[in-house]
Amino acid sequence: MAASLHHSIWSLRPLSSQHSISGNINSKKSISRIGMQYGKNNYRSESRRGMRFQRSNCKANSITDVAKLYLGMDFGTSGARYAIIDKEGVIHSEGKRDYPLYLNGDAVDWVRSWKTTLFSLLEDIPVTLRSLVASISIDGTSATTLILDSKTGEALARPLLYNESCPDALPIVKSIAPLNHTVCSGSSTLCKLVSWWTSSDSSKESAVLMHQSDWLLWILHGKIGVSDYNNALKVGYDPELESYPPWLKSQPYSHVLPTIQAPGTIISTLKEDIRTKLGFPEDCVVCTGTTDSIAAFLAARATQPGKAVTSLGSTLAIKLLSTTRIEDARFGVYSHRLDDKWLVGGASNTGGAVLRQLFSDEQLENLSMQINPMEASSLDYYPLPAEGERFPIADPKMVPRLSPRPECDAAYLHGILESIARIEAKGYALLKDLGATEAEEVFTAGGGSKNDKWTKIRERVLGLPVSRALQTEAAYGAALLALKATEQG
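Summarised in this report is the structure supplied together with it. Because the structure is predicted, anything quoted here is derived from the model rather than measured.

Calculation notes
- Residues numbered from 1 in each chain as written.
- Predicted model: local features only at pLDDT ≥ 70, side-chain atom pairs only at ≥ 80, totals over all residues.
- Heavy atoms only, no water.
- Helix = DSSP H or I, 4+ residues; strand = E, 2+ residues; numbered from the N terminus.
- Buried < 20%, exposed > 50% of the residue type's maximum accessible area, 1.4 Å probe, protein only.
- Contact = heavy atoms within 4.5 Å.
- Expected span 1.5 Å × (residues − 1).
- 1 Å grid on protein atoms, 1.4 Å probe; cavity = no way out; pocket = protein on both sides within 12 Å on 5 of 7 lines; lining within 4 Å.
- Points joined across faces, edges and corners; volume = space filled by probe spheres on them.
- Nonpolar A, V, L, I, M, F, W, Y, C, P; charged D, E, K, R; others polar.

The secondary structure content of the protein amounts to 13 helices and 21 strands. When burial is assessed residue by residue, the protein has 56% of its 489 residues classed as buried. In the protein, the share of contacts with a sequence separation of at least 24, taken over all contacts with a separation of at least 6, comes to 70%.

Encoded structure:
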């Protein structure tokens, strides 16, 4: 079994960075806890210009006092970020890049876009910090799949993105996988592999499957076909048995599956050509990564069973650290292994998207100020942006319930916020009913975490302590994995 999740790095408190980049790095909002803003990105490194340094009371922030730094990169749906931390969890630099739009015919050339962004981020890191980077890790979107030629590294097909479905492969996958298994979804990595296998005319003998973060890391270390057990969950890997199950190993495409390591495991040193060109140290290592959602959970420092993170973005997603593993494809519930614990979760279609349909940002702020969060709302809604719900109720035909609407807009908003909180509570109750550890404390990420009135409503409805997570950037969680690799190694 891998080292315990109670490893000290998971509970590091992220401190404000001393060295953050301004200039030509694109960000719509500040991504530094000290509130620095970044300008537009022209996809050329401008990190040497416009750097600014801020004084810090933390001695570890001084470059002269830092022995080693750890680099994490997050490749999300629309762009990528990096974060550099020291062994105390202090952030020394952060940056963001949007993906450049390259077209190959009518389709986006994601391979070129991601690779360009990877090197843009590396070039954006201040030169003075690069020589101190001891290890690197990357997270990527779950179930984003690439099929490569293991001999040449060339892509044998276009990447299949996290949200792409392969319904043609679903009946085949359901016929071989256990009932309600995580792979029994059209968007699973295994469905994407089976779809390619049954429809492609390209050579299959030397093919290898890699997830987005695996592929990006391969560019840095050069050892093709290595993945981690978080990314590999949706291709059918069993993290409890630490192997692919017999029903999967018996398939004709099993040789395409990657080798699996625990997240945060050293793979190799950074390739010499990249190291010498960009000024990284000779002993800088590259380690296995994870998915973007797992990295974000790690960043929130929810380190004990019963600790949970609710993400209040366009949708409502909950993740809970549990001592027991639960799986139920009916509700989209599955468990990721985190060392000797399990990260279980589900996602509802309710959330901020509904609020944006009904209120402007200014209205949300002003109306929230009029709400007494200690008073329960008598309004019973089920706010959805459109027809269909998946968790905690699995009903693709569920219709939104947002009436009756009172004359008072503040009362209406109160009813919606409280109804979303009730859905959140039902979600945690469902996880408990399925066998997960009972939630004891909830950290909040996403835009909804900024609404203090909503936080107090949720705390009352959940009957649990609720607070805003100090750090939620997945890049920070990836940097913690990079730190973990060197401390284990």
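Let us keep going from here.
Once that is clear, we can look at helix α11 (residues 409-433). For α11, which comprises 25 residues, the first-to-last C-alpha distance of 36 Å matches the rise-based estimate of 36 Å (1.5 Å per residue) to within 8%. A positive backbone phi angle near 115° is found at G435, which sits one or two residues after α11.

Let us look at the environment of S195. Take S195: it is sitting in helix α4 (residues 189-199). Residue class for S195 comes out buried when judged on its relative accessible area of 11%. Spatially, the C-alpha atoms of S195 and A169 are 5.1 Å apart, while their sequence positions differ by 26 residues. Ignoring any residue separated from it by four or fewer positions in sequence, one finds S195 in contact with C166, D168 and A169.

Think of a ball as big as a water molecule: rolled over the atoms, this probe shows where empty space is left. Taken as a whole, the second largest pocket holds about 220 Å³ of empty space. Lining the second largest pocket are V111, K115, F119, L148, G153, E154, A155, W215, W218, I219 and K271. Taken together, the elements giving at least two residues each to the lining of the second largest pocket come down to α1 (110-124) and α5 (212-221). Taken together, the residues of the lining of the second largest pocket sort by class into seven nonpolar, one polar and three charged.

All quantities given are derived from atomic positions and should not be read as evidence of function.
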